[in-house]
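Okay, here's what each chain looks like letter by letter:
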Amino acid sequence: MQAFQYWLKTEICFGAGSEAKTAELVRKHGGTRILVVYGGGSCVRSGLLDRICRQLQEEGLSYETFGGVQPNPRLAHAETGVQKALAMDADLILAVGGGSVIDTAKAIAHGKANPETPLWAFWTRERELERSLPVGVVLTIPAAGSETSDSAVLTNEALLSKRGLSTDFNRPAFAVLDPCLAATLPPYQAACGVTDILMHTLDRYFNPVPDNETSDAMAEALLRVVLANGKRVVDDPSDTHAMGEIMWCGSLSHNGLTGLGGKKDFAVHQLGHALSAKYDVAHGASLSAVWEAWADAVAGADGYARFARFGRNVWDIREADDETAARTAIARQVQYFRELGVPVSLPELGFGKLDDEALDHLTDLCSYGNTRTIGSFRVLTAADMRAIYAAANGDH
Ligand code: NZQ
Ligand code: ZN
């Protein structure tokens, strides 16, 4: 186990009906002038936005709303939000939605607290973030885990660059996890969310640090619970019990807990971010589309033991031989993605088979123009990334 430092400051308010505590939490965390951020309208249609605004009014808090956040949220839209937050002198940003809305709210909080700095400079690490505003969350889709994570992901559309920023300033002050709010999810969105939750855990579990028993055991338990309840929420998002388990696992899978003492891999996420930047595909789908190709590329030789452990402890595979257990585990995981209804190859993302030029471009985006490697379980060079994209494309 490696040394670590861990600070989870987010107050969690979980359970059916917890939505009603939002205004109280806003006040408790110092909000008096609130910018309420939301997406393309699902929370307008469900009546949630109205109910939240009414609560703020009744609590005597002033607020303005800022909608229109798109999935794979754009830098330019967040910059518009910063201007709105500055104009009203907001002191708390309240996100009502999923990862895209929460990450936009985080970006607005950073921009409001640092109006002299171009927002993207924090994402490129040219500038260090040293202050921000509190962000509150009312979660409507279990998926990204942004409601407790230290990360925020934005797309700079001018550069076709999708990047995450990790800092404790990204940890929300509070998160309302009310499983009833996800009951309106379309099956594909629910499936993408379940995939992302699995992947946040897998991208930590597959790492090179041995003897990390507590984190590994927590990760395996979390994976089993998500696999057991994932298909239930896709079939029936109003199943409050299953949705509650998935929602809580979504937060736990990306607040850092299951990776403590390890060395995050996150290669699959990096491969997926390039796909979303170029083709604007849903985040969860960008991950399932490359997972099998990634697993095949990294499992060989000394990697079999880890995949075999995953197979035995998560999938209950009884094969004694590590290579057979590893191969069976990968096949079972891919079959699960198929049953969820998410893509398991690049062509299944909906843009057909990619040509060599497109694969080169994806590799360039993922490797930041051949200036970085990704992953820790296996360190992947630009050539490795290219080979994984090609395999996911069905090339041999
Ligand atoms: O925009 P609206 O109309 O609200 O519709 C959204 C959107 O179309 C819809 N939706 C959300 N809740 C709903 C609902 N529809 C009906 N009923 C509801 N209750 O779902 C669609 C997707 O929303 P989005 O917020 O994009 O989904 P998700 O939570 O999966 O977030 C994805 C974004 O988060 C980033 C991803 O890269 C992507 O940009 N991530 C953020 C992370 C973080 N900050 O820690 C980590 C993740 O790995 C991820 O990278
Ligand atoms: Zn993710």
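These remarks concern the structure in this document. What you see is a predicted model; the values in this text were computed from it and never measured. (Residues numbered from 1 in each chain as written. Chains lettered and ligands numbered in written order. Predicted model: local features only at pLDDT ≥ 70, side-chain atom pairs only at ≥ 80, totals over all residues. Heavy atoms only, no water.)

The next point concerns the nonpolar core. Here is a general trend for soluble globular proteins: nonpolar side chains tend to be buried in one another's company. In terms of nonpolar packing, the biggest core is built from 96 residues, with Ile93, Trp291, Trp294, Phe307, Phe310, Leu346 and Tyr389 touching the most fellow members. Those residues in contact with Phe310 that lie beyond four places of it in its chain are Leu202, Tyr205, Phe206, Leu223, Trp291, Trp315, Ala329 and Gln333. Counting residues in each nonpolar core, the second largest holds 22 residues, with Ala23, Val36, Leu49 and Leu61 among its members. (Core = buried A, V, L, I, M, F, W, Y, C linked by side-chain atoms within 4.5 Å. Buried < 20%, exposed > 50% of the residue type's maximum accessible area, 1.4 Å probe, protein only. Contact = heavy atoms within 4.5 Å.)

In total, this model carries zero disulfides according to the counting rule given. Cys249 provides the cysteine sulfur closest to Cys192, a residue in no disulfide bond, and the two sulfurs are 18 Å apart. (Disulfide = S-S within 2.5 Å.)

This part takes up the coordination of the zinc ion (ligand 2). All of the protein donors around the zinc ion (ligand 2) are Asp196 (OD), His200 (NE2), His269 (NE2) and His283 (NE2); their distances to the metal are 2.0 to 2.2 Å. We note that the donor set of the zinc ion (ligand 2) lies within a single chain, spaced as D-x3-H-x68-H-x13-H. Of this pair, His200 sits in helix 7 (residues 187-205) while His283 sits in helix 11 (residues 283-298), placing them 83 residues apart in sequence. Residue His200 shares its accessibility class with His283, and that shared class is buried. (Donors = N, O, S within 2.8 Å, 3.2 Å for Na, K, Ca; no water. Helix = DSSP H or I, 4+ residues; strand = E, 2+ residues; numbered from the N terminus.)

With respect to spatial proximity, 33 residues lie near ligand 1, and among them Gly99, Ser100, Ser149, Lys162 and His200 are the closest. Take Gly41: an N or O atom from its main chain is 3.0 Å from an oxygen atom of ligand 1. Here Thr140 contributes a side-chain N or O atom positioned 2.8 Å from a nitrogen atom of ligand 1. Surface burial for ligand 1 is 89%, taken as the share of its 960 Å² of free accessible area covered by protein chains. Secondary structure elements with two or more residues in the shell around ligand 1: helix 5 (99-113), strand 6 (151-156), helix 7 and helix 10 (267-279). Taken together, the residues of the shell around ligand 1 break down into 11 nonpolar, 19 polar and three charged. (Near = heavy atom within 4 Å. Polar contact = N/O pair within 3.5 Å; in protein donor to acceptor, adjacent residues only side chain to side chain. Areas by Shrake-Rupley, 256 points an atom, 1.4 Å probe, with all protein chains shown as cover. Nonpolar A, V, L, I, M, F, W, Y, C, P; charged D, E, K, R; others polar.)

Moving on, we get to the layout of surface pockets. A volume near 350 Å³ is recorded for the second largest pocket. Lining the second largest pocket are 20 residues, and of these Gln5, Tyr6, Asp150, Arg171 and Leu260 sit closest to its centre. Here the lining of the second largest pocket is composed, by residue class, of five nonpolar, 10 polar and five charged. (1 Å grid on protein atoms, 1.4 Å probe; cavity = no way out; pocket = protein on both sides within 12 Å on 5 of 7 lines; lining within 4 Å. Points joined across faces, edges and corners; volume = space filled by probe spheres on them.)

Purely geometric stuff here, so don't read any function into it on its own.
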